[in-house]
There are 2 protein chains.
Amino acid sequence: MSSGGSDLGEFELIRRFFQRPCAPGAGVILGIGDDAALLEVPPGTQLVAAVDTIVEGRHFPEKTDARSVGHRALAVNLSDLAAMGATPAWATLALTMPSVDIDWLESFAAGLLELADAHGVALVGGDTTRGPLTISVQVMGHVPRGTALRRDGARAGDLLAVTGTLGDAGAGLAFVKTPPPPETRLAALELIRRFDYPAPRVQFGLAARGIATAAMDLSDGLVGDLPKLAQASGLAAHVVVERLPLSEAMRAAVPGPQARDWALAAGDDYELLLAVPAPRYTDLRAAADQLNLTLCVIGEFREGNGVTWSLNGGDFVPSARGWDHFA
Amino acid sequence: MSSGGSDLGEFELIRRFFQRPCAPGAGVILGIGDDAALLEVPPGTQLVAAVDTIVEGRHFPEKTDARSVGHRALAVNLSDLAAMGATPAWATLALTMPSVDIDWLESFAAGLLELADAHGVALVGGDTTRGPLTISVQVMGHVPRGTALRRDGARAGDLLAVTGTLGDAGAGLAFVKTPPPPETRLAALELIRRFDYPAPRVQFGLAARGIATAAMDLSDGLVGDLPKLAQASGLAAHVVVERLPLSEAMRAAVPGPQARDWALAAGDDYELLLAVPAPRYTDLRAAADQLNLTLCVIGEFREGNGVTWSLNGGDFVPSARGWDHFA
C-alpha cells in the first residue's frame, strides 16, 4: 500500500535482530529468509502447535522493559507446549510495532532469544509490520505419538495438583502500578520479577507425560481456567482453598485475603494444573523435586460438573473471576 | 491484567466463530480447545511453516469488507506455502480487534473459512485479544522430503517465469481510494476484486515441484521481490519489461506507463515467480494450462548479481521500489 522505502526495511530488520545460525540437530532445513520455514519433525512424533498474542497495555503495562516483553511473548507460548508435555522446537514471530527503535529491538530480541536458547527453540520465521505494539508468537514442538497431555483425560478421583506458587504475577503487576511501602519492597521486587519473567514449566511437562492424566497451563487464573479443565474431562472439580500455594514473597508483601484473591484469580502465573491418579502422585512429586519445583495437591476431580471451593471446612465462593481478554 | 468478565469471553468467541468439526484425514488429533493443537504430519514429509500479519490501514484500507479481510489473512500465508510447493494443512489465527462486533466476526470468519475449505486447511488454534485490528495467521503444511521449492535453487540460464498477471491488485487498491471514471468502472471493479480476494497459487506450486528450480511469491512487487530471489540463488536476473503480463482489465482501465509501474512495483499480487530450466518450460507451461492459469517468461537468470531491466531493447530503470512494510 506504499512504494516508498526506508534504510532499514522489513527484510533487513528481521535478519539483523532475529536471524542466527541454527544448532545442528534442531531440525531446521530452512529458517528465516525463504517464503516459509522447512522443518524436520522427528519420526514417531506428533506436531504440537500453539499461538498467543500479547498487546501493550493489555497483557503488559506500557513502558515495560523490552527484554521482559520479548521473554513474555515466547514464555506464554512455551507454557502451552509445557501443558501438552511437548518438546519445544521452533517458533515464528509476528511483530507489530509503532516505529523502528533499535534499542528496543535489541532488548526485545535478547529477552526472546535467551528464553529460546534455554529451551532449544529455533526462531524460524518472522514478520514485522508497523502498528500498535502487538506480538504474536507461534511455537511448534512435538511429542511421541499418543503421549500428549490433554485436557480431557482426567478421571473421577484424580488429584488436582499445581506447580509452583499462585498469584505472584498478579501481585507483581499490582506493585508495578502502585509501588509498595518501603518495608515490603524486597518482596515486591521478587513478585514483579515473577510477573516480568514467567518461567514456563517445560521440563516438568515432559516429566509428567505418562503420569498425569490431564494438564493445562494457568494463564487466566485458577478461577478462570479450572472450569475449562473440568469441563473438558466431563467432571467436577473441588478445590481446598487454604491449600493454594503462596510464595514467601507473597506472604511477606500482602495480607492473607489479598494473597488468596490473587492466587485464585489474578492470572499470568503460567504454572501447570494437573490431574493425577492418587497412586501416581509420588512419581509426579519426585519429578518436581528433581527440577526443584514445588508441587501441591489443591483438590480433586469428582463425578459431575462445575467447580466447588471450600475454605477451612466451609463452602467458599471466589469473589473474583479469571482474566478475560475481552473483559 | 483484569479480572472482570463479559458475556462473550475469548473462549466462547473462538469456539463460536471458528471451531468446526475437522474432516477425517485432516491430521488433526486435537484442534481448538486445548492448550495447543496436536497434529499428524504425514510420514516422509517435511513441515513447512509461514506467518504473516495484516494490519488495518496498512495492508488493507479501513472499512474493507470483513469477508475480504478474512480471505486476505489466510491467502497471504497460503501464498507462502504455494511458493514452497507445499500442501497446506493447518492454520492458527491471532486476531486482535478493537471490539466484539458480531456481524464483522461472522463475515471475517466466512471469508477465512471459505478459503480454508477450498484448500483443505483446518483452523486448529486461535487467540483473540482487544486492540487495533491486526490479524496474524500462521499456516503449516508439508512437502515430500527434499522436494520443497526454495529461493536458492535457480541456475544461470534458467528462465524467469511468473504466473497470472501483475499489478492488478495495486490498480485495484488505487481504485478503492480514487473511484474510476464511469467508462472504466467495470474494469476497475475487476481490479478491486483482485485486490480484495487474492488467489494463492497453491495448486500450481504443487505442480511446479520437480520442474522449477526456485520460487517465491510476489507480495511486495517484482522490483522489491526479484532481487531477493536472485540474491538467494547467488545470481543476477534480467527482466524484459514489455513481457510483464497485464490483464485485460488493467489494459482497459489505465494508460500503459501506469499499468507498467503497477506491474513492476505495486505489490499484493500473490503470483508466483519461478526459475525454470529452459528445457523444462513446456512442462511447467502444461501444468499452468491444466489449471487455467497463465504463465509468462519475463526474463532469465545470469551469472553475477543484481537485477537489470530492459524495455523495447533499451536499458530501463524502474522508478518505483517494492512495497516495504516500514516505508
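Note: the structure precedes this text.
Anyway, here's the lowdown on the structure attached to this text.

Scoring rules and cut-offs
Residues numbered from 1 in each chain as written. Chains lettered and ligands numbered in written order. Predicted model: local features only at pLDDT ≥ 70, side-chain atom pairs only at ≥ 80, totals over all residues. Heavy atoms only, no water. Pairing = 2+ DSSP bridges. Helix = DSSP H or I, 4+ residues; strand = E, 2+ residues; numbered from the N terminus. Axes fitted to C-alpha atoms, helices over the stretch in contact; angles between N-to-C directions. Contact = heavy atoms within 4.5 Å. Parallel < 35°, antiparallel > 145°, perpendicular 65-115°, else oblique. Left-handed = near helix turned anticlockwise from the far one by under 90°. Nonpolar A, V, L, I, M, F, W, Y, C, P; charged D, E, K, R; others polar. Buried < 20%, exposed > 50% of the residue type's maximum accessible area, 1.4 Å probe, protein only. Core = buried A, V, L, I, M, F, W, Y, C linked by side-chain atoms within 4.5 Å.

As for the sheet that holds strand β5 (residues 122–130) of chain B
Part 1: Strand order across the open sheet formed by six strands is β1(A)-β2(A)-β3(B)-β6(B)-β4(B)-β5(B), with mixed pairing between neighbours. Of all strands in the sheet, those bounded by a partner on one side alone are β1 (28–30) of chain A together with β5 of chain B. Taking each pair of neighbouring strands and ignoring which way they run, the sheet shows an average axis angle of 20°.
Part 2: Note: strand β4 (residues 87–97) of chain B against β5 of chain B, eight bridges, orientation parallel. Across the sheet, Trp90 of chain B pairs through a bridge with Ala122 of chain B, a residue of β5 of chain B.
Part 3: Against the sheet, helix α3 (residues 102–118) of chain B touches β4, β5 and β6 (134–144) of chain B, its axis set at about 160° to β4 of chain B.

Things to note about the packing of helix α4 (residues 168–177) of chain A against helix α5 (residues 185–196) of chain A
All names here are of chain A.
Part 1: Relative orientation of the contacting elements α4 and α5 amounts to 110°, with a least axis distance of 7 Å. Considering the angle they form, α4 stands roughly perpendicular to α5. Considering only the axes of α4 and α5, their crossing is left-handed. Where α4 approaches α5, its residues Asp168, Ala169, Ala171, Gly172, Leu173, Phe175 and Val176 are matched on the opposing element by Ala188, Leu191, Ile192, Arg194 and Phe195.
Part 2: In terms of residue class, the contact of α4 with α5 is built from nine nonpolar, one polar and two charged.

Brief notes about helix α9 (residues 256–265) of chain B
Part 1: Regarding α9 of chain B, the residues found buried are Ala259, Trp262, Ala263, Leu264 and Ala265 of chain B.
Part 2: In the segment just after α9 of chain B, Gly267 of chain B is the residue with positive phi, at about 80°.

Examining the sheet that holds strand β11 (residues 295–302) of chain A
Residue and element names in this part refer to chain A.
Part 1: Spatially, the seven strands line up as an open sheet ordered β8-β10-β7-β11-β9-β12-β13, and their pairing is mixed. In this open sheet, the two edge strands, each paired with only one partner strand, are β8 (214–218) and β13 (314–316). Neighbour-to-neighbour, the strand axes of the sheet open up by a mean angle of 30°, direction not taken into account.
Part 2: Lying over the sheet, helix α2 (residues 66–84) contacts β8 and β10 (271–276), oriented at roughly 165° with respect to β8.

Some details on the nonpolar core
Part 1: Ranked by internal contacts, the top residues of the largest apolar core, which has 62 residues, are Phe18, Leu95, Phe108, Ile135 and Phe204 of chain B.
Part 2: Looking at this core, the element that brings in the most residues is helix α2 (residues 66–84) of chain B, giving eleven residues.
Part 3: Discounting residues that sit within four places of it in the chain, Phe204 of chain B has contacts with Thr163, Leu272, Leu274, Leu284, Ala287, Ala288, Leu291, Leu293 and Leu295 of chain B.
Part 4: Grouped together as the second largest cluster of nonpolar side chains are 61 residues, Phe18, Leu74, Leu113 and Ala208 of chain A included.

Remarks on the side chain of His142 of chain A
Residue and element names in this part refer to chain A.
Part 1: The residue His142 is located in strand β6 (residues 134–144) in this model.
Part 2: On the accessibility criterion, His142 (14% relative accessible area) is buried.
Part 3: When neighbours within four sequence positions are excluded, His142 is seen to be in contact with Pro42, Thr45, Gln46, Val48, Ala86, Thr87 and Ala89.

Any link to function would need more than the numbers given here.
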